[in-house]
Amino acid sequence: MLPDLDAMERDALAELRTVVDPAALEAYRVRWLGTNGRLRGALDALKSVPKEQKPAVGKRMNEVKSAIEGAFAAAKLTVVALPTGPAVDVTEPGFAVGEGARHVLTKTIDEIVDVLGRMGFAVADGPELEDEWHNFNALNIPDTHPARGPADNFFLGGEVAGKLLLRTQTSTVQIRAMEAAKPPLKICAIGRVYRPDAHDATHYSMFHQVEGLFVDRHVSMVDLKSTLVQFAKAFFGEEAEIRLRPSFFPFTEPSAELDMKMRVMRNGVPEWRWIELGGCGMVDPNVFKAVGVDPEEWTGFAFGLGIERVAMRKYGIGDIRLLFENDARFLRQF
Ligand code: FA5
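All values reported here derive from a predicted model rather than from experimental measurement.

Caption draft 1: Expanded view of helix H4 (residues 54–78). Counted at 1.5 Å a residue, the expected span for H4 with its 25 residues is 36 Å, and the 36 Å between its end C-alpha atoms agrees. Taken together, the buried positions of H4 are Val57, Gly58, Arg60, Met61, Val64, Ile68, Phe72 and Ala75. The elements touched by buried residues of H4 are helix H1 (2–16), helix H2 (22–33) and helix H3 (38–46).

Here it is as structure tokens:
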């Protein structure tokens, strides 16, 4: 009987090596380890072994049983179901995975912060939902000023009706920065502003502004102009053309408009025009007084530019609406 057990062990282990899928493994289990399987048969045959051979044959029988059961347990872990269905053709070309990129406005904002940062402006921040003090009064825009009417602002309704509004300009951050720290100050602030303007090629009802504020002793209009020229050249390149036009803002005196020559689309035809990028001027003494800064000791300049207009100038974009339509074919160009 001993040679039979050796043969059985050899056959069982050899056959197990040919099993590659779960169905064949189950068939193997039934054939070898099942209640009517070959192992069971061999155990039954043990009964008819002469008494004196029983210890040796029994011992060998146990060894063969553990060897087959152990090998079967190991095979159960490695034999896994193969996917059914059509085979995968690994030579097929794959699908292109679109790469994400920064929006052209985000890119412009990062570049502006980078240039202003190198010019010594620290980044300040303020809320988009503002009170009338920061959006108007502290900026020398009195209660009776026409720009405070509901037609020019997005005021909130409900309990706070007429008190809180979506800020119309980042100049609010000038006030917040001067409330938070004593001069000298050199900050810039970037953010969204909101106005009920009709949408056209250069206007949108939500847009971004960058504000600059420099307060120190003996700051002059020359400092303002040289800062803006330096910024324009660093940002747009040496060929950048800007001009300052006398203007009016309640919170600066004197005030000026900063224009830049840019390409705009007129009925589908590009043409070069002076486009207003923003306003600027010397901080009005009334603004200093509103935040408790002595206008006899301190002077300063401020500027506020429309970032969409800056991006349009830099990247030759003819229509502001393209920036908010989120057409991937347009955005992919930048
Ligand atoms: C202001 O908002 C002043 N706070 C700027 C300022 C700051 C002056 C500091 C003096 C000192 P203004 O309303 O002109 O100014 O707007 C500034 C710029 O925002 C405009 O020149 C323009 O570039 C941009 N802008 C204004 N309205 C829109 C709009 N509807 N869509 C897109 N950009 C706009």
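Caption draft 2: Summary view of the packing of H3 against H4. The interhelical angle for the contact between H3 and H4, taken along N-to-C directions, is 170°, at an axis separation of 11 Å. On the basis of their axis angle, the class for H3 and H4 is roughly antiparallel. Contacts from Leu39, Ala42, Leu43 and Leu46 of H3 reach H4 at Lys54, Val57, Gly58, Met61, Lys65 and Ile68.

Caption draft 3: How the structure looks around the state of the cysteines. Applying the stated rule across the entire model yields zero disulfides. The thiol of Cys188 is unpaired, and the distance to the nearest cysteine sulfur, on Cys280, comes to 16 Å. Under the relative-accessibility criterion, Cys280 is labelled buried at 2%.

Caption draft 4: Structural detail: the packing of aromatic side chains. Throughout the structure, instances matching the rule amount to eleven aromatic pairs. On the numbers, 6.1 Å between centres and 80° between planes, the contact of Phe121 with Phe303 is edge-to-face. Separated by 182 residues along the polypeptide, Phe121 in the loop between helix H5 (104–118) and strand E1 (122–124) and Phe303 in strand E9 (residues 299–306) bring together distant segments of the chain. For the pair shown, Phe121 and Phe303 are each scored as buried.

Caption draft 5: Layout of the nonpolar core. Membership of the largest hydrophobic core comes to 41 residues, with the highest contact counts inside it found for Ile112, Leu116, Phe231, Phe236, Phe301, Phe303 and Leu323. When neighbours within four sequence positions are excluded, Ile112 is seen to be in contact with Ile190, Val210, Phe231, Phe235, Ile307 and Val310.

Caption draft 6: Spatial organisation of the site of the ligand. Around the ligand, a shell composed of 26 residues is seen, among which Gln169, Ser171, Arg195, Asp197 and Glu276 lie nearest. Ser171 is positioned with one of its side-chain polar atoms (N or O) 2.9 Å from a nitrogen atom of the ligand. Between an oxygen atom of the ligand and a main-chain N or O atom of Gly278, the distance comes to 3.2 Å. Of all the elements in the fold, those that place two or more residues in the shell around the ligand are strand E5 (206–216), strand E7 (252–266), strand E8 (269–283) and E9. Among the elements that make up the shell around the ligand, the one with the highest residue count is E8 (five residues).

Caption draft 7: Highlighting the pattern of salt bridges. Tallying each qualifying case throughout the model produces 22 salt bridges. With a closest N to O distance of 2.9 Å, Asp6 and Arg60 form a salt bridge. Placement of the pair is Asp6 in helix H1 and Arg60 in helix H4, with a sequence separation of 54 residues. Look at Asp6 and you get partly exposed, because its relative accessible area is 32%. Taking the relative accessible area as the measure of exposure, Arg60 reaches 18% and is therefore buried. Between Arg31 and Glu15 there is a salt bridge, with its nearest N and O atoms 2.2 Å apart. One end of the pair, Arg31, is in helix H2; the other, Glu15, is in helix H1, with 16 residues separating them in the sequence. Using a relative accessible area of 41% as the deciding quantity, one classes Arg31 as partly exposed. Residue classification places Glu15 among the partly exposed residues on the basis of a relative accessible area of 23%.

Caption draft 8: View of the pairing of strand E4 (residues 185–194). Counted residue by residue, E4 has eight buried out of ten residues, so it is predominantly covered. Judged from the three bridges that link them, E1 and E4 form a sheet pairing that is parallel. Counterpart to Ala122 in the pairing with E4 is Ile187. Sheet topology places E4 next to E5; ten bridges connect them, and they run antiparallel.

Caption draft 9: Molecular detail of the environment of Gly318. Structurally, Gly318 is set in the loop between helix H10 (307–315) and helix H11 (322–325). Residues Gly318 and Val293 lie 25 residues apart in sequence; the distance between their C-alpha atoms is 42 Å.

Caption draft 10: Expanded view of the domain arrangement of the chain. Looking at the assigned domains, one finds that the chain contains domain 1 (2–78) and domain 2 (104–331). Between the C-alpha centres of domain 1 and domain 2 there is a distance of 87 Å.

Caption draft 11: Inspection of the layout of surface pockets at higher detail. By volume, the largest pocket amounts to about 810 Å³. As for the largest pocket, its lining consists of 41 residues, of which Thr168, Gln169, Arg195, Gln209 and Phe249 are closest to the centre. Sorting the residues of the lining of the largest pocket by element identifies E5, strand E6 (242–249), E7, E8, E9 and H10 as the ones contributing at least two each. Examining the composition of the lining of the largest pocket, we find that six residues originate from one element, E8, more than from any other. Residue classes in the lining of the largest pocket are distributed as 18 nonpolar, 15 polar and eight charged.

Cut-off values and rules
Per chain, residue numbering runs from 1 following the sequence as it is written. It should be noted that, the model being predicted, local features are given only for residues of pLDDT at least 70 and side-chain atom pairs only at 80 or more, the latter also being counted only at that level, while totals for whole chains, interfaces and linings use all residues. No hydrogens and no water enter the side-chain calculation; it runs on all heavy atoms of the structure. Working definition: helices are DSSP H or I runs of at least four residues, strands are E runs of at least two. Numbering for both runs from the N terminus. Helices are assigned an expected span. That span is 1.5 Å times one less than the residue count. Buried residues are those whose accessible area, probed at 1.4 Å on protein chains only, stays under 20% of the maximum for their type, while exposed residues exceed 50% and partly exposed ones sit between those limits. Here a residue-residue contact requires only that any non-hydrogen atoms of the pair lie within 4.5 Å. Lines fitted to C-alpha atoms define the axes, with helix axes restricted to the stretch in contact, and inter-axis angles between N-to-C directions lie between 0 and 180 degrees. Any angle that falls under 35 degrees is termed roughly parallel, while one over 145 is termed roughly antiparallel, one within 65 to 115 roughly perpendicular, and all others oblique. Two cysteine sulfurs form a disulfide in these notes if their separation is within 2.5 Å. A pair of aromatic rings is counted whenever rings of Phe, Tyr or Trp (Trp by its six-membered ring) have centres within 6.5 Å, and the orientation is called stacked for planes under 30 degrees apart, edge-to-face for over 60 and tilted otherwise. What is meant by a nonpolar core is a set of buried Ala, Val, Leu, Ile, Met, Phe, Trp, Tyr and Cys residues, joined one to another through side-chain atoms within 4.5 Å. We define proximity as follows: a residue is near a molecule or strand when any one of its heavy atoms falls within 4 Å of that partner. Two N or O atoms count as a polar contact when they lie within 3.5 Å, although within protein this holds only if one can serve as hydrogen donor and the other as acceptor, and sequence-adjacent residues are included solely when both atoms are side-chain atoms. Whenever Lys or Arg places a side-chain nitrogen within 4 Å of a carboxyl oxygen from Asp or Glu, that contact is recorded as a salt bridge. Only strands that DSSP links by at least two bridges are regarded as paired with each other. These domain boundaries are the output of an automatic or database domain assignment. The way it works is a 1 Å grid over only the protein atoms, where trapped points that fit a 1.4 Å probe form a cavity and open points with protein on both sides within 12 Å along at least five of seven lines form a pocket, and then any residue with an atom within 4 Å of a point lines it. Grid points are joined across faces, edges and corners, and a volume is the space filled by probe spheres set on the points. Asp, Glu, Lys and Arg are counted as charged, while Ala, Val, Leu, Ile, Met, Phe, Trp, Tyr, Cys and Pro are counted as nonpolar; the rest, among them Gly, fall into the polar class.

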